[in-house]
Amino acid sequence: MNTLPTFDRLVPGAGRPSLAWWAGSAAALLAAAWFDTYLALPGLSGLPWLGAGVGLAIVLRVRWQGLPLLVGVWALAGVLAGLSPWAVAVQAVGPAGATWAVGEVLRRLGGRADLERARDALVLGAVALLVGGPLMAGVQTAMPAVARTAAEASLLDLLAWPWHALGLLTGSLPAIAVARASRRRTRGAWHLAGGVTLALSAVAAAWLWFGGLSLSIVASAAVAWWPHVLLLGLLLAGTLTLPLLALLGVAAVAAAGTATGTGPFASLSPAGAIAALCGYLGSLMVMLLTARSIGQELRLRERRAVTALGAARLAVAEWHRHRAEEVHLSADWLALTRHRDPVTWTPRAWLDDVHIDDRGRLQEALSEVTLGERDQWQQELRVQSDDGWHWVEVNVVAAERDLAGQPLRLVATMADVSERHEAQERQRLSASLFEHLHEGLLIADADLRVLDANAAYTQILDVTLAELIGRVPSLLQPNPSDPLARQQRAAMWTGLRQHGRWRGELIERRRDGQISTLQATISQVHGPEGDLRYHVLAISDITEQRVARERLERQAHFDELTRLPNRARLSQLLGDAMRAADRDGYLLAVCYLDLDRFKPVNDRHGHEGGDRLLVELAGRLRGALRSRDLWADAAARLGGDEFVLLLRAGSMEEARLAVERVLRVVSQPYVIDPMQEPVQITASLGATVYPIDRSDADTLLRHADHAMYGAKQSGRNGYLFFDPELRRRTEERVMAIGRVQEALDRAEFVLFYQPIVDMRSQRVFGLEALLRWDHPEKGLIAPMQFLPLITNTGLSARVGDWVLSQALEHLAQWRRAGLDLQVNVNISARHLQEPDFVQRLAELLARHPDPLAEHLKLEIVESEAHADLAASSQLLARCRALGVRSALDDFGTGHSTLTHLQRLPVDVLKIDRSFVNHMLDDAQDKALVEGVIGLARTFGCSVVAEGVETPAQARMLLDLGCDSAQGTGIAAPMPAAQVADWVRSYSGLFALAPAGSPRLATGTGPEAPVDSGG
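You'll find the protein chain entered in an unreviewed UniProt entry as EAL domain-containing protein, with Rubrivivax albus given as the organism.

Trainee: Can you lay out the overall build of the protein chain for me, pointing to particular residues and giving the numbers?
Mentor: In terms of helices and strands, the protein chain carries 33 helices and 25 strands. The buried share among the 1014 residues of the protein chain stands at 48%. Look at the contacts in the protein chain between residues 6 or more apart in sequence, and 64% of them connect residues 24 or more apart. Accessible surface, the protein chain as shown: approximately 49200 Å² in total, 56% of it carbon and sulfur.

Trainee: Tell me what's going on with a nonpolar patch on the surface, and back it up with residues and numbers.
Mentor: A contiguous nonpolar patch, built from L30, L76 and L80 and spanning about 280 Å² of accessible area, is present on the exposed surface. If you trace the backbone, L30 turns up in helix α1 (residues 19-38).

Trainee: Lay out the pairing of strand β21 (residues 885-891) with the relevant residues and their values.
Mentor: Successive residues of a regular strand alternate their side chains across the two faces of the sheet. Among the seven residues in β21, five count as buried, and that is most of the element. Where strand β20 (residues 856-861) lies against β21, five bridges are found, and the strand directions are parallel. Looking at β21, one finds that I860 is bridged to L888. In terms of strand pairing, β21 meets strand β22 (residues 908-911) through three bridges, oriented parallel. Bridge assignment links A887 to a residue of β22, and that residue is V908.

Trainee: Could you give an account of the side chain of H848, with specific residues and numbers?
Mentor: Tracing the backbone through its elements, the reader meets H848 in the loop between α26 (837-846) and β20. The exposure class assigned to H848 is buried, which follows from its relative accessible area of 14%. Sequence-distant contacts of H848, that is, excluding residues within four places in its chain, are made with L808, E809 and A812.

Trainee: An account of the side chain of D801 is needed here, citing residue identities and associated values.
Mentor: Of note, D801 is situated in helix α24 (residues 794-816). Setting aside anything within four residues of it in sequence, one finds D801 in contact with H831, R840 and L844.

Trainee: Run through the sheet that holds strand β5 (residues 407-416), naming residues and quoting values.
Mentor: Strand pairing in a sheet relies on backbone hydrogen bonds, with the paired strands running either antiparallel or parallel. Taken in spatial order, the five strands of this open sheet run β2-β1-β5-β4-β3, and their pairing is antiparallel. Strand pairing shows two members of the sheet lacking a second neighbour, β2 (327-329) and β3 (376-385), which therefore form its edges. Mean inter-strand twist for the sheet, computed between neighbouring axes without regard to direction, equals 20 degrees. Pairing analysis gives three bridges linking strand β1 (residues 314-320) to β2, with the strands arranged antiparallel. Each residue of the ladder has a partner; that of W319, found in β2, is V327. Packed on one face of the sheet, helix α13 (residues 356-370) meets β1, β3, β4 (388-401) and β5 and runs near 140 degrees to β3.

Trainee: Let's hear about the packing of α26 against helix α28 (residues 869-881): which residues, and what values?
Mentor: Here α26 crosses α28 at 20 degrees, and the two axes come no closer than 10 Å. When the axes of α26 and α28 are compared, the pair comes out roughly parallel. In the crossing of α26 with α28, the sense of the turn from one axis to the other is right-handed. Contact residues: F837, V838 and L841 in α26; L875, R878 and C879 in α28. Tallied by class, the residues present in the contact of α26 with α28 amount to five nonpolar, no polar and one charged.

Trainee: Describe the sheet that holds strand β14 (residues 683-690), naming the residues involved and giving the relevant values.
Mentor: Across the sheet, which stays open at both edges, the five strands sit in the order β12-β13-β11-β14-β15 with mixed pairing between neighbours. At either end of the open sheet lies a strand with only one pairing partner, and these are β12 (634-639) and β15 (719-721). Looking at each pair of strands side by side, their axes are set apart by 20 degrees on average, direction ignored. Two elements, β14 and β15, share three bridges in a ladder whose sense is parallel.

Trainee: Requested: an account of helix α4 (residues 85-109), with residues and values cited.
Mentor: A turn of α-helix holds 3.6 residues, and therefore any two residues three or four places apart point the same way. For α4, built from 25 residues, the straight-helix expectation of 36 Å at 1.5 Å per residue is met to within 8% by its first-to-last C-alpha distance of 36 Å. Following α4 by one or two positions, G110 adopts a phi angle in the positive range, close to 75 degrees.

Trainee: I'd like a description of the packing of aromatic side chains, backed by residues and values.
Mentor: Taken as a whole, this structure holds ten aromatic pairs when the rule is applied. Ring plane angle 85 degrees and centroid distance 5.5 Å describe the contact between W773 and F786, whose orientation is recorded as edge-to-face. Of this pair, W773 sits in strand β17 (residues 763-775) while F786 sits in the loop between β18 (779-781) and α24, and the two are 13 residues apart along the sequence. Its relative accessible area of 6% is what places W773 among the buried residues. Exposure remark for F786: the relative accessible area of 1% places this residue in the buried category. Pairwise contacts between aromatic rings join W319, W333, W345 and W350 into one cluster. Looking at R772, its charged tip hangs above the ring of F752, at a distance of 5.9 Å from the centre.

Trainee: Account for the pairing of β4, with residues named and values stated.
Mentor: As judged from the ten bridges shared by β3 and β4, these two strands associate in the antiparallel manner. Pairing of Q376 across the sheet is with V397, part of β4. Between the end of β3 and the start of β4, which pair antiparallel, lie two residues.

Trainee: I'd like a description of the pattern of salt bridges, backed by residues and values.
Mentor: Scanning the entire structure with this criterion turns up 40 salt bridges. Measuring nitrogen to oxygen at the nearest pair gives 2.7 Å for the salt bridge that ties R880 to D907. Placement of the pair is R880 in helix α28 and D907 in the loop between α29 (898-903) and β22, with a sequence separation of 27 residues. Given a relative accessible area of 38%, R880 falls into the partly exposed group. For K910, the salt bridge identified is with E946, shortest N-O distance 3.3 Å. Of the two residues, K910 is situated in strand β22 and E946 in the loop between β23 (942-945) and α32 (951-960); the sequence distance between them amounts to 36 residues.

Trainee: Report on the environment of R880, specifying residues and quantitative values.
Mentor: Here the alpha-carbon distance between R880 and P905, two residues 25 residues apart in the chain, equals 8.1 Å. Excluding residues within four positions of it along the chain, R880 makes contact with P905, V906 and D907.

Trainee: Can you tell me about the packing of helix α3 (residues 67-80) against α4, naming the residues and giving the values?
Mentor: Running from N to C, α3 and α4 point in directions that differ by 150 degrees, and their axes come no closer than 8 Å. Accordingly, the angle class assigned to the pair α3 and α4 is roughly antiparallel. Handedness of the α3/α4 crossing: right-handed. Of the residues in α4, those in contact with L67, L70, V71, W74, A75, A77, G78 and V79 of α3 are V88, Q91, A92, P95, A96, T99 and W100. Each residue belonging to the contact of α3 with α4 can be placed in one class, and the counts come to twelve nonpolar, three polar and no charged.

Trainee: Could you give an account of α24, naming the residues involved and the relevant values?
Mentor: The end-to-end C-alpha distance of α24 is 34 Å, a good match for the 33 Å that 23 residues give at a rise of 1.5 Å each. G818 lies just past α24 and shows a positive phi near 95 degrees.

Trainee: Break down unusual backbone geometry for me, with residues and values.
Mentor: In the segment running from Y690 into P691, the intervening peptide bond is cis, with an omega of 10 degrees. Residue position: P691 is located in the loop between β14 and α22 (697-713). The backbone of D462 shows a phi angle near 60 degrees, a positive value even though the residue is not glycine. Relative to the elements of secondary structure, D462 occurs in the loop between α15 (455-461) and α16 (465-468).

Trainee: I'd like a description of the confidence of the model for the protein chain, backed by residues and values.
Mentor: With 86% of its residues at a pLDDT of at least 70, the protein chain reaches an overall mean of 80. Ranking the elements of the protein chain by mean pLDDT puts helix α6 (residues 150-180) last with 64 and strand β25 (residues 974-975) first with 95. Every residue in residues 991-1014 is under pLDDT 50, and counting partners more than four places away or in other chains gives 51 contacts.

Trainee: An account of the environment of D801 is needed here, citing residue identities and associated values.
Mentor: Sequence separation between D801 and H831 is 30 residues, and the spatial gap between their C-alpha atoms is 8.4 Å. Only 2.8 Å separates the side chain of D801 from the side chain of H831, close enough to count as a polar contact.

Trainee: Can you tell me about the environment of G94, naming the residues and giving the values?
Mentor: Topologically, G94 is positioned in helix α4. Under the relative-accessibility criterion, G94 is labelled partly exposed at 22%. Measuring from C-alpha to C-alpha, the distance between G94 and G138 comes to 8.7 Å, with 44 residues separating the pair along the chain. Apart from residues lying up to four places away in sequence, G94 is in contact with A89 and V139.

Cut-offs and rules
Residues numbered from 1 in each chain as written. Predicted model: local features only at pLDDT ≥ 70, side-chain atom pairs only at ≥ 80, totals over all residues. Heavy atoms only, no water. Helix = DSSP H or I, 4+ residues; strand = E, 2+ residues; numbered from the N terminus. Buried < 20%, exposed > 50% of the residue type's maximum accessible area, 1.4 Å probe, protein only. Contact = heavy atoms within 4.5 Å. Areas by Shrake-Rupley, 256 points an atom, 1.4 Å probe, with all protein chains shown as cover. Patch = residues over 30% accessible without salt bridge, like charges linked within 9 Å, V, L, I, M, F, W, Y side chains within 5 Å. Salt bridge = Lys/Arg side-chain N within 4 Å of Asp/Glu carboxyl O. Pairing = 2+ DSSP bridges. Axes fitted to C-alpha atoms, helices over the stretch in contact; angles between N-to-C directions. Parallel < 35°, antiparallel > 145°, perpendicular 65-115°, else oblique. Left-handed = near helix turned anticlockwise from the far one by under 90°. Nonpolar A, V, L, I, M, F, W, Y, C, P; charged D, E, K, R; others polar. Expected span 1.5 Å × (residues − 1). Phe/Tyr/Trp six-rings, centres within 6.5 Å; stacked < 30°, edge-to-face > 60°. Lys NZ or Arg CZ within 6 Å of the ring centre and 35° of its normal. pLDDT = per-residue confidence, 0-100. Polar contact = N/O pair within 3.5 Å; in protein donor to acceptor, adjacent residues only side chain to side chain.

This is the structure:
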């Protein structure tokens, strides 16, 4: 970046002066000192004159560092001139101090050394005249006096003042100009050779006048003014250095001629000669400085104008009508057009860059301005540049006219207004949208006073624009009378303060009193400084949408017939009630209500009559609900005649009283048809109490539903509370049944067999199949631990089929091995009464090629056989038809009669172990055993005694006539793989010790009865 040349810093950015500079400065100073010493004017001492100016230039460059050079050179000049020591001292120190003082004053005042402004020339001249001149004149008086009269001395001392001031200017300005290299700003029209010629011509003219030539008065006058004309011409060429150097030469020639008495002022007295010389040189100096200042001021104004045009982005073109070479195009003009060469540019080239739709208007305007028909033309049109089309504002004006008033020079300006056009287009679009938008728009100032509103806004709220302008609209008033509206406004202003915008619904009353719902969006608009300028409010009427939404919400959350909450709404209510119960510590009774025998009402009165009953029932339920400050009971309809109630209570007793009150209300007569008798109807209600039943919402409803079905099974018109502990046991039972199913699927069941022997013949003739569960973790589990779980399930039949299949497979293996055995299989009543039991039994028998039916015996417990005697008799008869015989197990523990025994087609009666165990010491049990043996003989059945454990029991049974027996005294149940070896090794009951048996992993207590069958 260039730094302006100031008096304070002639060479900005330069370092310390070089040795060459010092040498050049010393040489210039010596030359000036020689001139001042040997060509001193008459009546003046040899004080530095031109040398003072050169010294000032040095001081301005290096300040006090140049003082030794000044003092040394001027002292040397005084010594060479033969001055006395005092005169040498005065001549060396006085001018140096005066020069330094002038330099410091110039630095304080500031200014530009290239005399860019008139003020700079004025400052330099004033300081030279008011500071430098008096100081040098003071030094002049201190010098030893020369030969002169008293009158001349006074006049000469007075003239020394302007003379030395003129010397400071004449000597310093060329040096300053050379130091700043001002010649680089010379215009191209004048080259260096031409400038030097003019400068030498000016010096030559001065020599002609001051050289002592004999000239006529006319010639003398002409030659006297030649330096003025030539220096002025040289200055107009654009340089300051050459005119100042020429002025220095003219001054030197003039001073030398005057000092030697050859100039035009030789005939004058010393004072007159000095005064005339000061006037002549002063006129040259004033002319140059004035012309320089005026020229620089004009150029400065021109630069300012160009800068202003550039800052305004104003493109300028200037051309002469008759001189094609006089064309000026600004940089912005070149950027806005495609024609870039000012030499070949013409208005026609400009027209080529204008849009074809605008070209005719511009051509007509140029013609009118050129012909003087109009002074100025202004219009907007489109111009093409390298980067596309631009909208520009064009001004064409005649800048210069001839004597006849016809335009000679025209100036055209273009301002790029593309952004303004785009903004205007956007503004027109916004205005169109503002007026035609279906949404209502309102613009208010920072104080909420309305500035404008579109037609949609006035139509939505039924107000006129005149009523809105300048007032605060009702939608922006912070405290409306309606509580809901006040709450909405509070939310709106909170959102505005926090986020600068808000969107939501507002309730507003129209002029006709109708309440409308508005979807509103309000935003704040801030200015560049962040200050609030406007509020923009957009509204749309969503009253119909709100009504439709509420209708859909009612349909989604409420039953259309009874207006009670539906299942979806019930889920929300139940969740809220559960959280409130946890928070407030009260009980919540979840009640499931179902009407008893509602179908006959529909059949008798039709669906419309049933609907009327349900509507009245819903009204009664609402009336039976209680409400407090912090909670309220609730009722919902699930569908049909099923309802759910949520009743708060402080205790279980309060919950029961609330349920009973509801049932009393429900059981009141219903008038469905005034012409008929009222309808009496009751309800069954199941309830569960939260948090005693700490389940989730869906599970609570299921528990209440289960309890309701329990109430119906108990006879209807009542209620039942769900028992969580009973539910837990039921779930455990279900899980246990599932585990039994897994055991069957994983083949964890096994069959053990207990031998049945003929105690008289000491022969094994049969085996009873006994089911065991070989649990992978608990070991062998007796059937009494798991069979009761599946007795009344379909799994019982599946397990029974598996037992039959395995028993027949083992029987076939033993018979193929030569063992004449029969197998007894326990059959439950549920299994026996399966519709396809006989068919499945036949299929199992058919799987084996050997006839096994006569060797298979089905055992059925006496009590189960009597539960459905006819069905059991029929099924056993069908089995006998297949060749399969049957036995009545645990005989004597049921309630058989002779009729029952006669009707059942059984072949064997098995005496229950409880009688056998105590017959030795209990006469009644012995008598019962004898009776069973007698009945068997009477009905043609064989008899088998169970639970024989000692030889004494065996001997008594033989004495009573019972030959067949089984029990641990004979053999404990054994795996199928051990049966064959045991049978072959059997040698009689009284020769064997009781066989050991594996411990049964029953989990508790002693071993369960091993003959518990499957």
